[in-house]
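In case you want the letters, here they are:
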Amino acid sequence: MGNKILVTGGTGFIGSHTVVELYNAGYTPVIVDDLSNSSIKILDQIEKIIGNKPEFHQFDLCDEAKTADFINSNPDIKGIIHFAAFKAVGESVQKPLEYYRNNFFSLINLLTSYKGKNINFVFSSSCTVYGQPDVLPVTEEAPVKKAESPYGNTKQIAEEILAETAAVSKNYNIVALRYFNPVGAHKSALIGELPIGIPQNLIPFVTQTAIGKREKITVFGDDYNTPDGSCVRDYIHVVDLAKAHVAAIKRMEEGKSSDNYEVFNIGTGKGTTVLEIINAFEKSTGEKLNYTIGPRRAGDIEKVYGDVTKSAEALGWRAELNVDDMMKSAWEWEKYINENPF
Ligand code: UD1
């Protein structure tokens with residue numbers, strides 16, 4: 001088997017898909033997760049897809065001694081993909097200290113454990129760092145705007161921590177991936193997004209409404225300056241996103257990085273409105289969606305989609321799956337979890 005890659009948060013939504021794609025690319029993924037926002041059953045689901053159960057360790061990366069001990073006793077780990085973090089925007093406003101503590105302590109503990117040792121490190125960042133960009137599609141050179149929430153701030157500050165660390169310590173080889181809106185599920189329908197409680201994000205709300213868990217979905221505003229008045233986002237299939245992580249690890253392993261801290265947009269480069277998403281869902285699944293138009297959601301960005309030239313050129317990676325693929329796979333997953341509750 002190929003190099004061992006540590007996937008923190010590997011039982012989560014993007015983490016689990018990345019474990020599968022790492023394995024498909026010949027790597028040996030090792031998962032650390034505290035299961036605070038995921039289910040241990042995801043390991044069995046991954047096993048059903050790849051044919052064996054990945055190595056798994058349950059602990060909290062905020063525990064400095066445990067993290068250091070784990071890293072020291074696993075010198076064969078050649079790369080880290082760090083997903084483990086809190087990610088709910090609204091919750092972060094209510095619990096800022098929990099967000100800063102969890103998202104920073106884990107990152108700092110991981111980096112500190114590799115002091116003086118060579119490591120390839122991929123960080124999960126977000127297009128949230130751009131706020132409402134002045135120019136679209138937004139490039140990596142666009143200014144970072146003041147964060148709207150503690151969650152967004154953890155991503156911005158984490159990028160600064162990584163850039164400043166890489167600048168003085170060449171043993172760290174770091175790539176930050178700025179994701180646009182990850183949606184969809186694996187084609188097997190065995191892994192996908194598992195929202196706890198009422199989903200905050202669009203696609204789980206769409207699929208839960210279609211299956212009858214929610215009565216209706218509200219489109220947050222139709223009076224924006226967009227083609228049909230609803231907000232525009234760059235939705236990216238989670239399997240394409242997972243493959244971008246593999247490409248980032250490969251780039252660093254092959255010594256192709258132009259700097260030991262690089263940032264890439266990971267999206268499709270294409271904007272889609274909320275109403276277009278609803279339309280695509282209905283068309284590609286044949287399901288009727290009960291929706292109404294409601295007021296704008298506070299703090300929402302009108303439109304954002306990424307310029308993906310840099311990631312295509314540097315990573316040799318491009319999103320391959322379209323909005324229909326995203327909707328169909330998300331729907332198959334919703335039906336699966338309805339019949340096989342976690
Ligand atoms: C949100 C976060 C962002 C985070 C991203 C992760 C906010 C302000 N931003 O982005 O920081 O990185 O999730 O995926 O929360 N919508 C509806 N009805 C609904 C739900 C959503 O119309 O019931 C619309 C929203 O107005 C938005 C689009 O769907 O235009 C996507 O919303 P969402 O999935 O919450 O993602 P973002 O707002 O892009």
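In this text, all values refer to a predicted model and were calculated from it rather than measured experimentally.

**Notes on the UniProt feature "domain: NAD(P)-binding" (unreviewed entry) in the chain**
Then, number 1: The feature "domain: NAD(P)-binding" (unreviewed entry), as annotated in UniProt, sits at residues 6–328 in this numbering.
Then, number 2: Helix makes up 39% of residues 6–328 and strand 18%, with an end-to-end C-alpha separation of 30 Å.

**Some words on unusual backbone geometry**
Then, number 1: For the bond running from L136 to P137, omega is -5°, close enough to zero to count as cis.
Then, number 2: In this structure, P137 sits in the loop between β5 (119–126) and α6 (150–168).
Then, number 3: Within the chain, L35 stands out as a residue other than glycine whose phi angle is a positive 60°.
Then, number 4: Within the secondary structure, L35 sits in the loop between β2 (28–32) and α2 (41–50).
Then, number 5: We note that A189 has phi near 60°; this positive angle belongs to a residue other than glycine.
Then, number 6: Within the element layout of this structure, A189 appears in the loop between β7 (181–183) and α7 (202–211).

**Topic: the nonpolar core**
Then, number 1: The biggest cluster of nonpolar side chains holds 34 residues, and the ones touching the most others in it are I46 and I266.
Then, number 2: Listing elements by their share of this core, those giving two or more residues are β1 (4–8), α1 (13–24), α2, β6 (172–179), α8 (238–253) and β11 (261–266).
Then, number 3: The greatest single-element share of this core, amounting to nine residues, is contributed by α8.
Then, number 4: Discounting residues that sit within four places of it in the chain, I46 has contacts with G10, S16, V19, V20, I31, G51, P54 and I191.
Then, number 5: In this structure, V32, I77, Y172 and A176 belong to the second largest nonpolar core, which totals 26 residues.

**Thoughts on the site of the ligand**
Then, number 1: Near the ligand there are 18 residues, and of these L202, T218, R233, R297 and D300 occur at the shortest range.
Then, number 2: Between the ligand and S126, the relevant distance is 3.3 Å, taken from an oxygen atom to a side-chain nitrogen or oxygen of the residue.
Then, number 3: In this structure, an oxygen atom belonging to the ligand sits 2.9 Å away from a side-chain N or O atom of N181.
Then, number 4: Protein contact buries 85% of the 730 Å² of open area that the ligand shows by itself.
Then, number 5: By residue number, the principal contributor to the shell around the ligand is strand β8 (residues 217–220), which donates four residues.

**A short note on the side chain of S311**
Then, number 1: Note on placement: S311 falls in helix α10 (residues 309–315).
Then, number 2: Judged by its relative accessible area of 0%, S311 is buried.
Then, number 3: Looking at S311, its side chain comes within polar contact range of the main-chain oxygen of V308, at 3.2 Å.
Then, number 4: Apart from residues lying up to four places away in sequence, S311 is in contact with E140, F264, N265, I266, G316 and W317.

**Quick notes on the packing of helix α3 (residues 64–72) against helix α5 (residues 96–113)**
Packed helices, taken two at a time, are described by their axes: the angle between them and the distance between them.
Then, number 1: Between α3 and α5, the least distance of the axes is 9 Å, while the angle of their chain directions is 40°. By the angle class used here, α3 and α5 are oblique. You can see that α3 and α5 cross each other, and the crossing is right-handed. Residues E64, T67, A68 and I71 of α3 lie in contact with α5, whose contacting residues are N109, L110 and S113.
Then, number 2: Of the residues that constitute the contact of α3 with α5, the class distribution is three nonpolar, three polar and one charged.

**Focus on the state of the cysteines**
Then, number 1: In the structure shown here, the tally under the stated rule is zero disulfides.
Then, number 2: Unpaired in terms of disulfides, C127 finds its nearest cysteine sulfur in C231, a separation of 12 Å.
Then, number 3: On the basis of relative accessible area, C127 is assigned to the buried category, the value being 9%.
Then, number 4: Its relative accessible area of 5% is what places C231 among the buried residues.

**Structural notes on the sheet that holds β6**
Then, number 1: Pairing within the open sheet is parallel, and its seven strands lie in the order β3-β2-β1-β4-β5-β6-β11. The two strands at the open ends of the sheet, each matched to only one other strand, are β3 (55–57) and β11. The sheet shows a mean angle of 20° between the axes of neighbouring strands, direction not considered.
Then, number 2: Pairing of β5 with β6, which is carried by eight bridges, proceeds in the parallel orientation. Its bridge partner being in β6, V122 is matched across the sheet by V175.
Then, number 3: Together, β1, β4 (77–82), β5, β6 and β11 form the strand contacts of α8, whose direction differs from that of β6 by roughly 160°.

What counts, and at which threshold
- Residues numbered from 1 in each chain as written.
- Predicted model: local features only at pLDDT ≥ 70, side-chain atom pairs only at ≥ 80, totals over all residues.
- Heavy atoms only, no water.
- UniProt positions renumbered as here; feature names shortened; annotations may be inferred.
- Helix = DSSP H or I, 4+ residues; strand = E, 2+ residues; numbered from the N terminus.
- Core = buried A, V, L, I, M, F, W, Y, C linked by side-chain atoms within 4.5 Å.
- Buried < 20%, exposed > 50% of the residue type's maximum accessible area, 1.4 Å probe, protein only.
- Contact = heavy atoms within 4.5 Å.
- Near = heavy atom within 4 Å.
- Polar contact = N/O pair within 3.5 Å; in protein donor to acceptor, adjacent residues only side chain to side chain.
- Areas by Shrake-Rupley, 256 points an atom, 1.4 Å probe, with all protein chains shown as cover.
- Axes fitted to C-alpha atoms, helices over the stretch in contact; angles between N-to-C directions.
- Parallel < 35°, antiparallel > 145°, perpendicular 65-115°, else oblique.
- Left-handed = near helix turned anticlockwise from the far one by under 90°.
- Nonpolar A, V, L, I, M, F, W, Y, C, P; charged D, E, K, R; others polar.
- Disulfide = S-S within 2.5 Å.
- Pairing = 2+ DSSP bridges.

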